[in-house]
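# Chains, contacts and geometry: an overview
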Amino acid sequence: MKTKVLYIEDEPFLGRIVSETLQKQGFDLRLVADGAEVMSALEEYAPDICVLDIMLPNVDGYTLCRQIRALNPVLPVIFLTARGETNDLVKGFESGGTDYMKKPFSMEELMVRINNQLHILANHQLNTKDDFRQLGKYRLYISRYELESPEMTHKLSAREMEVMDYLSQSVNSVVNRRDLLLKIWGDDSFFNSRTLDVYIRKLRSLLSEDPDIEIVTLKGKGYLFLVK
């Protein structure tokens, strides 16, 4: 079965080039040019992955990603954008993106990133069980991508769960930052390091309901995941 890619892009020339190239490489692809049409296409098409431009008519990519994440918490979403500022990068990951590419980009890199995102998701689903890990007043459901507290249940993206899973396996122990980067991203580049910072901030926010849980940054070392 072909991998289904929902590609959201309003630049006609780029949209055609990327669509034709991915289709020639064996992907099943649907192109959407208007942000207002994305959610209906998502439900009808049921893609395996989204490739999402940020600057779109009617609904911007950040808003769309939050809507996609609410509907499907584990669907990989790769942002495509001409904007490369750190704030844009942070906003992209905070809205639920799992990867980020700056324009212009090569088709070879895009295909590698698509396949990498699909591999991450498949590997995570293969190696998790539908049981929970107790963390203070939280329950972490690995295979369901959920962090549950008595007040509410938080849906996690696949990457958020990877970071949370790794940290929670070493409760009250030091987690080396470089080891974490290598385990999840495969390298410790500046880009991936900044991305990790985004996820750590997000997880701290989600865990803030319990004062007995803390992710402590140890400068030059990594993190200490404290559960009292």
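Residues numbered from 1 in each chain as written. Predicted model: local features only at pLDDT ≥ 70, side-chain atom pairs only at ≥ 80, totals over all residues. Heavy atoms only, no water.

Right, let's talk about the overall build of the chain for a bit. Along the backbone of the chain there are 8 helices and 12 strands. The C-alpha atoms of the chain give a radius of gyration of 18 Å, which matches the 17 Å a tight globule of 228 residues would have. Its C-alpha atoms put the chain at 55 × 35 × 35 Å along the principal axes. At a minimum sequence separation of 6, the contacts of the chain that also span at least 24 residues come to 56%. Total accessible area computed for the chain in this model is approximately 11200 Å², and 49% of it derives from carbon and sulfur atoms. Within the chain, one finds 29 positive and 34 negative side-chain charges whose respective centroids are separated by 4 Å. (Helix = DSSP H or I, 4+ residues; strand = E, 2+ residues; numbered from the N terminus. Rg over C-alpha atoms; globule rule 2.2 N^0.38 Å. Contact = heavy atoms within 4.5 Å. Areas by Shrake-Rupley, 256 points an atom, 1.4 Å probe, with all protein chains shown as cover. Lys, Arg positive; Asp, Glu negative; His and termini not counted. Charge placed at Lys NZ, Arg CZ, Asp CG, Glu CD.)

For the rest of this paragraph, the subject is the nonpolar core. When a protein is soluble and globular, its nonpolar side chains tend to lie buried together. Leu6, Val163, Leu167 and Phe225 are the most contacted members of the largest nonpolar core, which has 55 residues in total. Dropping the residues within four chain positions of it, Leu6 is found in contact with Arg30, Val32, Val38, Ala41, Leu42, Tyr45, Pro47, Ile49, Cys50 and Val51. Ranked by size, the runner-up nonpolar core spans 18 residues in total, among them Phe105, Met107, Ile114 and Leu118. (Core = buried A, V, L, I, M, F, W, Y, C linked by side-chain atoms within 4.5 Å. Buried < 20%, exposed > 50% of the residue type's maximum accessible area, 1.4 Å probe, protein only.)

On the basis of which strands lie adjacent, the open sheet formed by 3 strands has the order β10-β12-β11 and antiparallel pairing. At either margin of the open sheet sits one strand with a lone partner, and together these are β10 (174-176) and β11 (213-218). For this sheet, the mean inter-axis angle between neighbouring strands, taken without regard to orientation, is 25 degrees. Two strands pair when backbone bridges link them, and β10 and strand β12 (residues 222-227) are joined in this way by 3 bridges, in the antiparallel orientation. When the bridges of β12 are listed, Asn176 appears paired with Gly222. Relative to β12, helix α6 (residues 158-168) is tilted by about 70 degrees, and along the sheet it contacts β10, β11 and β12. Where helix α8 (residues 190-206) meets the sheet, it contacts β11 and β12, and its direction lies at approximately 155 degrees from that of β11. (Pairing = 2+ DSSP bridges. Axes fitted to C-alpha atoms, helices over the stretch in contact; angles between N-to-C directions.)

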